[in-house]
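So you can see what is in the structure, the chains are spelled out below.
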Amino acid sequence: MTAWNKLLVATTRLLDLHDSAHEPGSPFVQVSQEQRRGLRDGYWLDLGCLLLDYLLEVDFATNSAFVTQRRCLAHLRGDYPELPADDLSFVINLLATPSEIHYREWQADAADSGAGEGETPPGTRGGRSTKRTALIEKQGQTGQVRLTPSGRQAVTLASQVEDLLYSEYDAAKVIAALSRGDYARVPDITQQILMAIRALTQELRRVRENPTHEGKLAALLDNERHYHNALNTIQSTLLSARSQLSTPTLIAHFDAWAERQEEEWDLRMLSATIGRVLNAIENLSRRLSELLSDIAEGRIQSMGVIDFAGLAHQLLLSPPPERLQDAVVARMMPLGTQVAMPRVETLLPLVETRRAERSGAALVFDEASDKPSADPLLARYLKARGPALRQRLRQAPLSLPEALSEGWHHFEADPAHTETLDCLPQLLNTFVDTQLLDDHLSVGIDDTPFSIALPDGRRIEGAVTPSLRLRKTATKEQKV
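Bear in mind that the values here come from a model prediction, so they are computed numbers and not experimental data.

Draft legend 1. Structural view of the overall build of the protein chain. Across its full length, the protein chain holds 19 helices and 11 strands. The buried share of the protein chain, taken over its 480 residues, is 27%. Summarising the internal contacts of the protein chain: among those between residues at least 6 apart in sequence, 64% fall at separations of at least 24. A total of about 32,500 Å² of accessible surface is found on the protein chain, and carbon and sulfur atoms cover 53% of it.

Rendered as structure tokens:
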């Protein structure tokens, strides 16, 4: 389910933006962590992903024919032997029920859009919506199922993981686009190849920074020959494509095509995009060869965060050999010790050795000796004043001026009432993030400005008056 996890990770926060009820122009820009409902064990998500994968296989075999739920249940019981039929029916009903998605789209002009009265005027980004979000199509009488176009697209997107080993076929698309005269597609195709090359380059960097993942090292060693063959194929294909850009026939055809385009195109733009991919291939090939050479010769080890204080303490307890001391002094010490002292920065390259010849131990900073963090004042304030403040909000809404006049920003630190702390910032945080007090609270805004002078000389002013109040959702649901 790795491919599905990547798709969910890439799109979850976009769904949070879509579901956000944040008012446009609101000055409260802090975002709290989303608390998602559910069992939190991945059971229903795993069933849905397995079902979609199976329906795609059957879709290719049966040419998009409907499949009975009994066949789906028999297939899923290979992973979940005790799977009830009701669980599968619930997943199918959920994936077959559409949900409306709202988005915005650029409105070019009235002639192309056909906007009528009351719709979005041309030249703006107008709101649109779609309900084509159901992933499964279910027959009403028989209950048979199959993938919808959206479901087929979701499975395809989840399975398309960029890999350099298969980007050589994308390089052939450049020559195909040039032969067909579709020059506008060349930058997009080369961008896809460049993203695959950068993905492998970043993977090499992560392996060098943390080579403890033996599986990645083994995969690089196993695919060494395939990576080099793919790089050679992509390079030769793009070199052939760039040589075609200098032929008189293609130049004349490109000039005629560029005159018909609204945007300004130049043949050097296509050559530059191909050149960037060739430079990336050369850089990747050099990094790959260096990493594989280091792996073969055993010159790579795991290094963590270096504790320089602990290293200095260790050097004091057990000094290094005299030969090493003489070498460091001869190289780093100044000529006149009476007037100068050595700089610490010049010793860092010797201490911070990233590639030791013979060392299998990782230098990792030990956090066990850290001091426990102090109790934050906000947590103490909410623990002491939270219950009383929630009881006050159940009686009536509480505006910020009323909270200050009633003294909710004061906090008595000890039971003897000898020390009173000023918790004005903590009180203001409850108006910004209402979940600190209760999940059922909301903030109301009154257009009335306010100005408050505190006894210590501080002055609080605002153009609007915020107030904490209970969200009236339960009563509305009962009335409906």
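Moving on, there is more to tell.
Draft legend 2. Focus on the pattern of salt bridges. Per the stated rule, a full pass over the model turns up 8 salt bridges. Ionic pairing is found between D266 and R268, a salt bridge with its closest N-O pair at 2.8 Å. Accessibility expressed as a relative area gives 64% for R268, which makes it exposed. Members of the salt-bridge network, linked through shared partners, are R392, E402 and E406.

Draft legend 3. Here's a closer look at the side chain of S399. Topologically, S399 is positioned in strand β5 (residues 398–399). Among all residues touching S399, those that are not within four sequence positions of it are F431, T465, P466 and S467.

Draft legend 4. Geometry of the packing of aromatic side chains. Summed over the entire model, instances satisfying the criterion amount to 7 aromatic pairs. Each ring, one from Y43 and one from Y80, has its centre 5.7 Å from the other, and the planes form 90 degrees; the classification is edge-to-face. With Y43 in helix α2 (residues 43–62) and Y80 in the loop between α3 (69–76) and α4 (85–96), the pair connects residues that are 37 residues apart, well separated along the chain. Each ring, one from F254 and one from W257, has its centre 5.6 Å from the other, and the planes form 35 degrees; the classification is tilted.

Draft legend 5. Representation of the nonpolar core. V174, L178, L238, F254 and L270 are the most contacted members of the largest nonpolar core, which totals 35 residues. Put simply, the parts of the chain that give this core at least two residues each are α7 (168–180), α8 (186–209), α10 (224–244), α11 (248–259) and α12 (267–297). The element contributing the most residues to this core is α12, with 11 residues. Aside from chain neighbours lying at most four places away, what touches L178 is Y183, V186, A241, Q244, L245, L250 and L270. One finds W4, C49, L83 and I92 within the second-largest nonpolar core, a separate group that totals 27 residues.

Draft legend 6. Examining the confidence of the model for the protein chain more closely. Of the residues in the protein chain, 76% reach a pLDDT of 70 or more, and the chain-wide mean stands at 77. A low-confidence stretch, residues 110–118 (pLDDT under 50), is modelled with 6 contacts involving residues beyond four sequence positions or located in other chains.

Draft legend 7. Looking closely at unusual backbone geometry. For R40, which is not a glycine, the phi torsion comes out positive at approximately 60 degrees. Structurally, R40 can be placed in the loop between α1 (2–19) and α2. Under the relative-accessibility criterion, R40 is labelled exposed at 66%.

Draft legend 8. Geometry of a nonpolar patch on the surface. A cluster of nonpolar side chains, L39, W44, F90 and L94, forms an exposed patch at the surface whose accessible area comes to about 410 Å². Topologically, L39 is positioned in the loop between α1 and α2.

Draft legend 9. Inspection of α3 at higher detail. Considered for burial, the residues of α3 that qualify are C72, L73 and L76. Buried residues of α3, seen end-on, are gathered within an arc of 100 degrees and therefore sit on one face of the element. The exposed set on the far side of α3, more than 90 degrees from its buried face, consists of R70 and A74. If you follow the buried residues of α3, they end up packed against α2, α4 and β4 (145–147).

Draft legend 10. Layout of the sheet that holds β5. Spatially, the 3 strands line up as an open sheet ordered β5-β11-β8, and their pairing is antiparallel. In the strand order of this sheet, the two ends are held by β5 and β8 (441–446), each with one partner. The pairing of β8 with strand β11 (residues 465–470) spans 6 bridges and is classified as antiparallel. The residue bridging G444 from the neighbouring strand is S467, located in β11. Together, β5, β8 and β11 form the strand contacts of helix α18 (residues 424–432), whose direction differs from that of β11 by roughly 65 degrees.

Draft legend 11. Fine view of the packing of α3 against α4. Direction vectors running N to C along α3 and α4 enclose 115 degrees, while the axes themselves pass 10 Å from each other. Regarding the angle of α3 to α4, the classification is roughly perpendicular. Of the two elements, α3 crosses α4, and the hand of that crossing is right-handed. Note on element contacts: α4 touches α3 through A85, L88, S89 and I92, opposite Q69, C72, L73 and L76.

Draft legend 12. Structural context of the side chain of D87. Relative to the assigned elements, D87 resides in helix α4. One buried charged side chain, D87, makes no salt bridge at all; its nearest oppositely charged neighbour is R77, positioned 9.4 Å away. Beyond its immediate sequence surroundings of up to four residues, D87 is in contact with Y43, W44 and L47.

Draft legend 13. Looking closely at α7. Taking 1.5 Å per residue as the helical rise, α7 with its 13 residues ought to reach 18 Å, and the 19 Å between its terminal C-alpha atoms agrees with that figure. Of all the residues in α7, the buried ones are D170, A171, V174, A177 and L178. Seen from one end, α7 has its buried residues packed into an arc of 110 degrees, which puts them on one side. Pointing more than 90 degrees away from the buried face of α7 are the exposed residues Y169, S179 and R180.

Draft legend 14. Spotlight on the packing of α2 against α3. Where α2 meets α3, the axes come as close as 10 Å, and the angle between the chain directions of the two elements is 120 degrees. As α2 packs across α3, the resulting crossing turns out to be right-handed. Where α2 abuts α3, its residues L47, L50, L51, Y54, L55 and V58 lie against R71, C72, H75 and L76.

What counts, and where the lines are drawn
Residues numbered from 1 in each chain as written. Predicted model: local features only at pLDDT ≥ 70, side-chain atom pairs only at ≥ 80, totals over all residues. Heavy atoms only, no water. Helix = DSSP H or I, 4+ residues; strand = E, 2+ residues; numbered from the N terminus. Buried < 20%, exposed > 50% of the residue type's maximum accessible area, 1.4 Å probe, protein only. Contact = heavy atoms within 4.5 Å. Areas by Shrake-Rupley, 256 points an atom, 1.4 Å probe, with all protein chains shown as cover. Salt bridge = Lys/Arg side-chain N within 4 Å of Asp/Glu carboxyl O. Phe/Tyr/Trp six-rings, centres within 6.5 Å; stacked < 30°, edge-to-face > 60°. Core = buried A, V, L, I, M, F, W, Y, C linked by side-chain atoms within 4.5 Å. pLDDT = per-residue confidence, 0-100. Patch = residues over 30% accessible without salt bridge, like charges linked within 9 Å, V, L, I, M, F, W, Y side chains within 5 Å. Arc of directions from axis to C-beta. Pairing = 2+ DSSP bridges. Axes fitted to C-alpha atoms, helices over the stretch in contact; angles between N-to-C directions. Parallel < 35°, antiparallel > 145°, perpendicular 65-115°, else oblique. Left-handed = near helix turned anticlockwise from the far one by under 90°. Lys, Arg positive; Asp, Glu negative; His and termini not counted. Expected span 1.5 Å × (residues − 1).

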